[in-house]
Each structure stands twice: as structure tokens, then as C-alpha cells.
Amino acid sequence: QVQLVESGGGLVQTGGSLRLSCLVSGRNFSSYSMGWFRQAPGKEREFVGAIRWRGTWTYYADSVKGRFTISRDSAKNTTYLEMNSLKPDDPAVYYCAVNRGASWLRIDSYDIWGQGTQVTVSS
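Residues numbered from 1 in each chain as written. Predicted model: local features only at pLDDT ≥ 70, side-chain atom pairs only at ≥ 80, totals over all residues. Heavy atoms only, no water.

### Details of the pairing of strand β1 (residues 4-7)
Rule in force here: Only protein chains enter the accessibility calculation, which uses a 1.4 Å probe. A residue is then buried if its area is under 20% of the maximum for its type, exposed if over 50%, and partly exposed in between. Runs of E in the DSSP output that reach at least two residues are strands. Runs of H or I that reach at least four are helices, and both are numbered from the N terminus. Being paired, for any two strands, means DSSP has found at least two bridges between them.
The two faces of β1 differ: Leu 4 and Glu 6 on one face are buried, but Val 5 and Ser 7 on the other face are not. Here 4 bridges tie β1 to strand β3 (residues 18-24), and the two strands are oriented antiparallel to one another. Considered in β3, the bridge of Ser 7 is made with Ser 21.

### Some points on the state of the cysteines
To keep it simple, the criterion reads: Cysteine sulfur atoms that come within 2.5 Å of each other are treated as a disulfide pair.
Taken as a whole, this structure holds 1 disulfide when the rule is applied. With its sulfur 2.0 Å from that of its partner, Cys 22 forms a disulfide with Cys 96. Taking the sign of the S-S torsion, 65 degrees for the link of Cys 22 and Cys 96, the bridge is right-handed. Here Cys 96 lies in strand β9 (residues 92-99) and Cys 22 lies in strand β3, a separation of 74 residues in the sequence. Cys 22 sits in the buried class, given a relative accessible area of 0%.

### A closer look at unusual backbone geometry
Look at Asn 77: it is not a glycine, yet its phi comes out positive at around 50 degrees. Among the structural elements, Asn 77 can be located in the loop between β7 (68-73) and β8 (78-83). You will see that Ser 85, though not glycine, has its phi angle at about 50 degrees, which is positive. Looking at the secondary structure, you find Ser 85 in the loop between β8 and β9.

### Observations regarding the sheet that holds β8
Selection criterion: Axis geometry follows a simple rule: fit a line to the C-alpha atoms, using only the stretch in contact for helices, then measure angles between N-to-C directions, giving values from 0 to 180 degrees.
Overall, antiparallel pairing links the 4 strands, which are arranged β1-β3-β8-β7 in an open sheet. With partners counted over all chains shown, the strands left at the sheet margins are β1 and β7, one partner each. Mean inter-strand twist for the sheet, computed between neighbouring axes without regard to direction, equals 15 degrees.

Rendered as C-alpha cells:
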């Protein structure tokens, strides 16, 4: 069974940086595409971005493009979301998710989720 454990959430000031980590259990990490999502109170879930299996390609939503970076470390079975230049609109619960299929940008193919971690931005 694949399980995800997130860490790195917390409080950061506007303009600051934060790195979220997602540890994935099992032996098939390199074959999974990894996605990051976020959801703020009263708002719809947003697809933040993703990294394809083996880390060749990445995708980012317009709202975070140029500020956030997704990476992965196969030796550690971990994917990362590096958040820079954080804005007041960025606070949310952030989730990582696994896509075991071939369509790495198909949102509904991300079907195994972490528990979520809270990101709060303040001045």
C-alpha cells in the first residue's frame, strides 16, 4: 500500500520561503508522477503543479509559476514543493498526491493523497 507523509508546513511572513516535503512509501516512487494541491477555506481545490515520473517535466499553475518549484529525490522517495515570495493569497492546506497512470497532467488520476499540511502567511 502506498502512503504519503507530508511535513514542512507552518507560519511564514509575506515574501518569505517555505519548503514542503512528501515522503512516499514503497519501491515504485520513480514510476509515479507527483502532484501538489492546495485548498483554502471557502475556495475550490487548486492544482498547484506536478512533476512527471523520473522528474523530466514539471507543470505549474499560473498563480504560482515563477515562485514555486517542484522537485523530487528518488534516493529518498520524496517530492518537494519549494515556495518563494509567499503572498497573502497563498495560505491553504497543501496536499501531495500520487498519479500511477500515464497521463501525468490529468487531475483525476491523482488518487492517493497525503494528510495535508497547513501553510500560513503573515506580515
